[in-house]
Amino acid sequence: MRGEPGTLFGVMRKRRTILAVFAHPDDEAYGPGGTLAHYAMQGDAVHLLTFTRGEAGSLGVSKELEPDELARLRTIELKVASEALGLSSQKIVGWPDSGLASMPFEDGVGVVGDALRLHEPDVLITFHREGVSRHPDHTTVYGWVMEAFARTDVKTVARVYGWGILEELCKPQRPERDMASIPQDEIAARIPLSEEAYQRKVESIHAHVTQITFFDRLKEWFGDYRSVNDAEYFELAASRVPQPQPVVDDLFAGLPA
Ligand SMILES: [Zn+2]
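Cut-off values and rules
- Residues numbered from 1 in each chain as written.
- Predicted model: local features only at pLDDT ≥ 70, side-chain atom pairs only at ≥ 80, totals over all residues.
- Helix = DSSP H or I, 4+ residues; strand = E, 2+ residues; numbered from the N terminus.
- Rg over C-alpha atoms; globule rule 2.2 N^0.38 Å.
- Buried ≥ 20, exposed ≤ 12 C-beta atoms within 10 Å, placed from the backbone.
- Contact = placed C-beta atoms within 7 Å.
- Expected span 1.5 Å × (residues − 1).
- Axes fitted to C-alpha atoms, helices over the stretch in contact; angles between N-to-C directions.
- Parallel < 35°, antiparallel > 145°, perpendicular 65-115°, else oblique.
- Left-handed = near helix turned anticlockwise from the far one by under 90°.
- Nonpolar A, V, L, I, M, F, W, Y, C, P; charged D, E, K, R; others polar.
- Pairing = 2+ DSSP bridges.
- Right-handed = clockwise from strand over helix to strand, strands pointing away.
- Core = buried A, V, L, I, M, F, W, Y, C linked by C-beta atoms within 7 Å.
- pLDDT = per-residue confidence, 0-100.
- Arc of directions from axis to C-beta.

Q: Mind laying out the overall build of the protein, listing which residues take part and the relevant values?
A: Scanning the protein from terminus to terminus reveals 8 helices and 7 strands. What you see for the protein is a C-alpha radius of gyration of 18 Å, in line with the 18 Å of a compact globule of 257 residues. Each principal axis of the C-alpha distribution contributes one length, and for the protein these read about 65 × 40 × 30 Å. Out of the 257 residues in the protein, the part that is buried amounts to 42%. Here the analysis covers contacts within the protein between residues at least 6 apart in sequence; of these, 79% occur between residues at least 24 apart.

Okay, here's the thing in structure tokens:
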């Protein structure tokens, strides 16, 4: 029997693919971890590219550890967190924590461009344009991702989503942390979190043992953390394929099946 593309006997289309690009080990977990788990659970390929090993971390036990030791531990923690989320792959570039803004712009764009060629994602996820916590590493990575998206000739690459948090989640964290919320009118995707996706997110947060005091703070601020994690929110940072609605509940909405 002759196969037709897309049929059981023909060439199957590649898996739907997400590439998440972040600055620090734990950005993926405290960030859109539920969404990453959601798509991994559906059988989609979800890859993670992290630029630093997190050696400049200052939370909890981090400040008592030498940078090399902290980097070693956080590299392991990210592996465990990625397994909890069900990711297809994760990679750390190993550039200086809190030093990304000093790295050559072209080099950063080049690293993201290489990852686009390697993984051929349909969707990219990074930070909201203001960097959520406004960490300069976050906004620097956002800039690299946007430029790599603009330049890439990889045909599959359709959209960049910037993960952000609602104003109601930012407010209790100020003035301790200068948080940037995602404005309501910028929300382009709301991904509801199932109980399992949420549990995997919490498991991935717990994998970041050296950073766990931040989870304790979140629980102090919000009490029931699940109550502020019924969904995760994204801006549409760039797009080559329009969304079918202004606000979607699926990052692949309107893309070729
Ligand atoms: Zn970060």
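Q: Explain helix α5 (residues 136-151) to me, using residue names and the numbers behind them.
A: Over its 16 residues, α5 runs 23 Å from end to end, which matches the ideal 22 Å to within 8%, given 1.5 Å per residue. Residues of α5 that are buried: D137, H138, T139, T140, V141, Y142, W144, V145, A148 and F149. As for α5, its buried residues are in contact with β1 (17-22), β2 (45-52), α4 (105-119), β4 (123-127), β5 (159-164) and β7 (231-239).

Q: Before we move on, could you go through the packing of helix α2 (residues 33-41) against helix α7 (residues 195-207) and cite the residues and values that matter?
A: Remark: α2 packs on α7, axes separated minimally by 8 Å, with the N-to-C direction vectors making an angle of 120 degrees. In terms of orientation, α2 lies oblique with respect to α7. The chirality of how α2 crosses α7 is right-handed. Facing α2, whose interface residues are G33, G34, A37, H38 and M41, α7 presents E196, A197, Y198, R200, K201 and S204. Grouping the amino acids of the contact of α2 with α7 by side-chain chemistry returns 4 nonpolar, 4 polar and 3 charged.

Q: So, the pairing of β4: which residues are in play, and what are the values?
A: Within β4, 5 of the 5 residues are buried, leaving the element largely enclosed by the surrounding structure. Both β1 and β4 contribute to a ladder of 3 bridges, which runs parallel. Among the inter-strand pairings, L19 is bridged to a residue of β4, identified as L124. Where β4 meets β5, 5 bridges bridge the pair, whose relative direction is parallel. When the sheet's bridge partners are listed, F127 is paired in β5 with W163. Between the parallel elements β4 and β5, the chain passes through α5 in a crossover that is right-handed.

Q: Please set out the nonpolar core residue by residue, giving values where relevant.
A: Judged by nonpolar contacts, the single largest core of 56 residues is most densely connected at A20, V21, L124, V141, V145 and Y161. For this core, the element with the highest residue contribution is α5, accounting for 6 residues. Aside from chain neighbours lying at most four places away, what touches Y161 is V123, I125, A189, F234, E235, L236, A237 and L251.

Q: Pulling in residues and values, what's your account of the confidence of the model for the protein?
A: Of all residues in the protein, 95% have pLDDT values of 70 or greater, and the mean over the chain is 93. Scored below 50 in pLDDT, residues 1-7 shows 7 contacts in the model against residues more than four places distant or in partner chains.

Q: Explain unusual backbone geometry to me, and be specific about the residues and the numbers.
A: A cis amide bond links R174 to the next residue, P175, at an omega of 5 degrees. Its location among the elements puts P175 in the loop between α6 (167-170) and β6 (187-192). Notably, S98 is not glycine yet its phi reads approximately 65 degrees, a positive angle.

Q: Give a description of α4 that names residues and reports values.
A: An ideal rise of 1.5 Å per residue puts 21 Å on 15 residues; α4 measures up with 22 Å between its terminal C-alpha atoms. Among the residues making up α4, those that are buried are G108, V109, V112, G113, A115, L116 and H119. The arc that holds the buried residues of α4, viewed along the axis, is 160 degrees, so those residues lie on one side. Residues of α4 that are exposed and point over 90 degrees away from its buried face: E106, D107, D114 and R117. Buried positions along α4 lie against β1, β2 and α5.

Q: Describe in detail the packing of α4 against α5, supporting the description with residues and values.
A: At their nearest, the axes of α4 and α5 sit 8 Å apart, and the two run at 55 degrees to each other. With respect to their mutual orientation, α4 and α5 come out oblique. The two elements α4 and α5 cross, and the hand of that crossing is right-handed. Taken together, the residues of α5 that come into contact with α4 (itself represented by G108, V109, V112, G113 and L116) are T140, W144, V145, E147, A148 and R151. Here the residues of the contact of α4 with α5 are counted per class, giving 6 nonpolar, 3 polar and 2 charged.

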